[in-house]
Amino acid sequence: MVNITLNDVDVTLGRRTVVQGVNAAFGAGTLTGIVGPNGAGKSTLARAMLALVPAHGMVEVDGVDAAAMPRGELARRIAYVPQGQTLHWPLTVERLVGLGRLPHLAPMSRVADVDTAAIERAMARADVLELRDRIATELSGGERARVLFARALAVEAPALIADEPLASLDPGHQIDVMDMLRAEAAGGALVIAVLHDLTLAARYCDRLLLIDGGRIVADGTPAEVLTAERLRAVYGIDARIETSGEWPTITLFGRASA
Ligand SMILES: Nc1ncnc2c1ncn2[C@@H]1O[C@H](COP(=O)(O)OP(=O)(O)OP(=O)(O)O)[C@@H](O)[C@H]1O
């Protein structure tokens, strides 16, 4: 079990404050989607939770200041799928997924049976077993995205933060990844995903944080957060939201007229 609390968090990059006054708490067993337009500060907020960018205010993981937590401990508690990561080394897929076990290994120690089993599970769940002997730098964008997702699953951490895990995936694999995120949350994990697909976010997430200009502009269930007025104000689009079904469905009409 793990929890993440943000108390009045600001992040300044260069001379710009890109996350401002964010207060939110995340607990076990919930899938939260972070949505908002390009440049809203979603990735920066995710990175602040992982202490990858310096933040003002307080980011607490299990009641401890994340910035003061040893990196290995933080990495064992929160697995991370970064946005659009470039791969530099020609590792096999299996070796790359195996890097997810690094936070569990003592320096210079070898991969143990428990690690091998976790790597196998992660590759199976991310549907990359057939790619295991391929060189990761030679994969297609979608194959690479699934391998990087598998690397995060291999950590078997109680929390998972995935930054745009659906980018480059075909519709079938998008649904597979959303099913996996849901299953992680149903199994008791704290799961946060930065998403652009509002339809999938609405269908799968328990909670949405809508970010604009570095601030939370709405926080609640998808039906509470996704209103036509907000989509117009935040994204500048005209949309119809149907809330009569099991989850809200969104039909996009186009750019909102001024
Ligand atoms: N290193 C940096 N120095 C200065 N500004 C930065 C830096 N990194 C990001 N930014 C700016 O911070 C803002 C928020 O960026 P961020 O990547 O968090 O947005 P995002 O909501 O994830 O966007 P997208 O949906 O396009 O991925 C953007 O305006 C971006 O240009």
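Up top is the structure these notes are about.
Reading the values: the criteria
- Sequence order sets the numbering: in each chain, residues are counted from 1 along the sequence as written.
- For this predicted model, a pLDDT threshold of at least 70 governs which residues receive local features, and a threshold of 80 or more governs which side-chain atom pairs are given and counted, while totals over whole chains, interfaces and linings are taken from all residues.
- Here, axes are lines fitted to C-alpha atoms. For helices the fit covers the stretch in contact, and angles between N-to-C directions go from 0 to 180 degrees.
- The helix and strand labels rest on DSSP assignments: H or I over at least four residues marks a helix, E over at least two residues marks a strand, and numbering proceeds from the N terminus.
- When describing relative orientation, an angle under 35 degrees is termed roughly parallel and one over 145 degrees roughly antiparallel, while 65 to 115 degrees is termed roughly perpendicular and anything else oblique.
- Handedness of a helix crossing follows the sense of rotation of the near helix relative to the far helix, less than a right angle counterclockwise being left-handed and clockwise being right-handed.
- By definition, residue pairs are in contact when their C-beta atoms, positioned from the backbone, come within 7 Å.
- Each residue is assigned to one of three groups, with Ala, Val, Leu, Ile, Met, Phe, Trp, Tyr, Cys and Pro labelled nonpolar, Asp, Glu, Lys and Arg labelled charged, and all others, Gly among them, labelled polar.
- We call a residue near a molecule or strand when the C-beta position, derived from backbone atoms, sits within 6 Å of it.
- Residue burial here comes from a neighbour count, namely the number of other C-beta atoms, placed from the backbone, that lie within 10 Å of the residue's own C-beta, with 20 or more meaning buried, 12 or fewer meaning exposed, and in between meaning partly exposed.

Caption draft 1: Examining the packing of helix 4 (residues 113–125) against helix 5 (residues 141–155) more closely. Interaxial distance between helix 4 and helix 5 falls to 8 Å at its minimum, and their mutual angle equals 140°. Overall, the two elements helix 4 and helix 5 adopt an arrangement that is oblique. Note that helix 4 runs across helix 5; the crossing there is right-handed. Counted together, A118, I119, A122, M123 and R125 of helix 4 and A150, L153 and A154 of helix 5 form the full contact between these two elements. Within the contact of helix 4 with helix 5, the residues separate by chemical class into 7 nonpolar, no polar and 1 charged.

Caption draft 2: Region of interest: the site of the ligand. Taken together, the residues surrounding the ligand are L13, G14, R16, V18, G36, N38, G39, A40, G41, K42, S43 and T44. Looking at the shell around the ligand, the elements that each hand over two or more residues are strand 2 (16–26) and helix 1 (42–49). Counting residues per element, the shell around the ligand draws most heavily on helix 1, at 3 residues.

Caption draft 3: Local environment of helix 1. Here helix 1 lies mainly inside the structure; 7 of its 8 residues are buried. Within the sequence span of helix 1, burial applies to K42, S43, L45, A46, R47, A48 and M49. Immediately beyond the C-terminal end of helix 1, within one or two residues, lies A51, with a positive phi of roughly 55°.

The values are spatial; any link to function lies outside them.
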